[in-house]
Amino acid sequence: MDTKQELSAEWAMFRRDCPSRTVVEVLANKWALYVLGGLRRHEQPMRFSELRRLLDGITQKMLTQTLRVLERDGLVSRTVYPTVPPRVEYGLTELGVDVGRLTTAIAEWSVEHVQEILTARQAYDAQIGTEPQPVPAIRVAHR
């Protein structure tokens, strides 16, 4: 591959038709990150109710949607056991374990830098409150 082709391939991810955007969209979803992280830390398949208890604030509907997307993308496996009532467990696929390295790195970076981000937010918000406000336009009456 020549340099021009390499450069083109390197920048392809910024094009709207690049398939990698679908992966980024999935991984940019906060609940997807939390589900993948929860399954990775648990190190064994989990039932829906276990995941729901672990992920404080997630609704049943959102967890269902997130698990379906992750299963469709090959990151999560769903196993149904023929019991009454049926028992369903979710686990990471090999691809899910692999992407877990990224999600773990994001989680660790977040914990390490959260205070810096909160401090920056406070400074920004304080600055917004003290910035000069635009002067309203003066209406001139026509004679």
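The structure we're discussing is the one just above.
Residues numbered from 1 in each chain as written. Predicted model: local features only at pLDDT ≥ 70, side-chain atom pairs only at ≥ 80, totals over all residues. Heavy atoms only, no water.

**Digging into helix H5 (residues 60-72)**
Across its 13 residues, H5 extends 18 Å between first and last C-alpha, which sits within 8% of the 18 Å expected from 1.5 Å per residue. In this fold, the buried residues of H5 make contact with helix H2 (20-27), helix H3 (30-42), helix H4 (48-54), strand S2 (76-81) and strand S3 (87-92). Gly 74, located one to two residues past H5, shows a positive phi value of around 80 degrees. (Helix = DSSP H or I, 4+ residues; strand = E, 2+ residues; numbered from the N terminus. Expected span 1.5 Å × (residues − 1). Contact = heavy atoms within 4.5 Å.)

**Details of the pattern of salt bridges**
A side chain of one charge can pair with a side chain of the opposite charge if their charged atoms are brought near each other. By the definition in use, this model includes three salt bridges. Among the salt bridges present, the one from Asp 17 reaches Arg 15, with a minimum N-O distance of 3.2 Å. Since its relative accessible area comes to 52%, Asp 17 is described here as exposed. Residue Arg 101 is joined to Asp 98 by a salt bridge in which the shortest nitrogen-to-oxygen separation is 2.5 Å. Linking Arg 101 with Asp 98, this pair stays in helix H6 (residues 94-130), spanning three residues, or about one helical turn. (Salt bridge = Lys/Arg side-chain N within 4 Å of Asp/Glu carboxyl O. Buried < 20%, exposed > 50% of the residue type's maximum accessible area, 1.4 Å probe, protein only.)

**Here we look at the sheet that holds S2**
The strand order S1-S3-S2 describes an open sheet built from three strands, whose pairing is antiparallel. Where the open sheet ends on each side, the last strands, each with one partner, are strand S1 (46-47) and S2. Two strands pair when backbone bridges link them, and S2 and S3 are joined in this way by six bridges, in the antiparallel orientation. Looking at the pairing, Arg 78 lines up with Tyr 90 of S3. (Pairing = 2+ DSSP bridges.)

**Some words on the environment of Leu 75**
Here Leu 75 lies in the loop between H5 and S2. When the C-alpha atoms of Leu 75 and Thr 93 are compared, they prove to be 5.4 Å apart, with 18 residues separating the residues in sequence. When near neighbours in sequence (up to four residues on either side) are disregarded, Leu 75 contacts Leu 36, Leu 70, Gly 91, Leu 92, Thr 93, Leu 95, Gly 96 and Val 99.

**Brief notes about the packing of H3 against H5**
Running from N to C, H3 and H5 point in directions that differ by 75 degrees, and their axes come no closer than 10 Å. When the axis of H3 is compared with that of H5, the two are roughly perpendicular. The segment H3 lies against H5, with Trp 31, Ala 32, Val 35 and Leu 36 engaging Met 62, Leu 63, Thr 66, Leu 67 and Leu 70. Split into classes, the residues belonging to the contact of H3 with H5 amount to eight nonpolar, one polar and no charged. (Axes fitted to C-alpha atoms, helices over the stretch in contact; angles between N-to-C directions. Parallel < 35°, antiparallel > 145°, perpendicular 65-115°, else oblique. Nonpolar A, V, L, I, M, F, W, Y, C, P; charged D, E, K, R; others polar.)

Coordinates in, geometry out; function isn't part of it.
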